[in-house]
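# Remarks on the overall topology
The primary structure of each chain is shown beneath.
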Amino acid sequence: MDIYRNDLVKLFKNPHNFGTMKQADITIDDVNVNCGDQIKMQVKLDKAGKKITDIKFVCFGCLVCVTATSVLTDMVKGKTVEEAKKITMADLQKALNIKIGPGKFNCINLGLNALVGGLKKYENGSKK
Ligand code: FES
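Residues numbered from 1 in each chain as written. Predicted model: local features only at pLDDT ≥ 70, side-chain atom pairs only at ≥ 80, totals over all residues. Heavy atoms only, no water.

Bringing the sheet that holds strand S1 (residues 26–31) into the picture now. Each strand in a sheet pairs with its neighbour through backbone hydrogen bonds, running either in the same direction (parallel) or in the opposite one (antiparallel). Spatially, three strands are ordered S1-S2-S3 in an open sheet, and the strand pairing comes out antiparallel. The sheet is open, and its two edges are formed by S1 and strand S3 (52–60), each paired on a single side. Between one strand axis and the next, the sheet turns through 15° on average, direction left out of account. In the sheet, strand S2 (residues 38–45) pairs with S3 via eight bridges, with the strands oriented antiparallel. (Pairing = 2+ DSSP bridges. Helix = DSSP H or I, 4+ residues; strand = E, 2+ residues; numbered from the N terminus. Axes fitted to C-alpha atoms, helices over the stretch in contact; angles between N-to-C directions.)

So this is what it looks like as structure tokens:
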């Protein structure tokens, strides 16, 4: 699969849910230890703290990282925390219609790891 397909390049240039929010319930900063690229993700939950009502991200990373995080944020908006934690790298590859090699695993997982790590920390009582 060509990771530089036109639709993916278009999404990379204009990713969904890109940006920041003023009052997030969860803010996560993470880094890809392989390349040093960074991500910030912010999540807003419903009053019960069970459902994701909004999500934003800013990513200084490659096409795989940005597009995967864009589709991830679309996937989890409106989902419960429990549903969001079950999303896998395979789900992201399927949503993007790409199959990546091990060299890009950290790229496709950067947003997913940030989100799941942030949700788990929130559940354990830490908002950051
Ligand atoms: Fe850094 Fe992909 S090369 S996130």
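Next, the rest of the story.
Turning our attention to the pattern of salt bridges. Overall, the coordinates contain six salt bridges when judged by the stated rule. As a salt-bridge pair, Glu123 and Lys85 come within 2.7 Å of each other at their nearest N and O atoms. Here Glu123 is found in helix H5 (residues 105–123), whereas its partner Lys85 is found in helix H3 (residues 81–85), with 38 residues between them in sequence. The exposure class assigned to Lys85 is partly exposed, which follows from its relative accessible area of 21%. Look at the salt bridges and you will find they share partners, linking Glu82, Lys85 and Glu123 into a network. (Salt bridge = Lys/Arg side-chain N within 4 Å of Asp/Glu carboxyl O. Buried < 20%, exposed > 50% of the residue type's maximum accessible area, 1.4 Å probe, protein only.)

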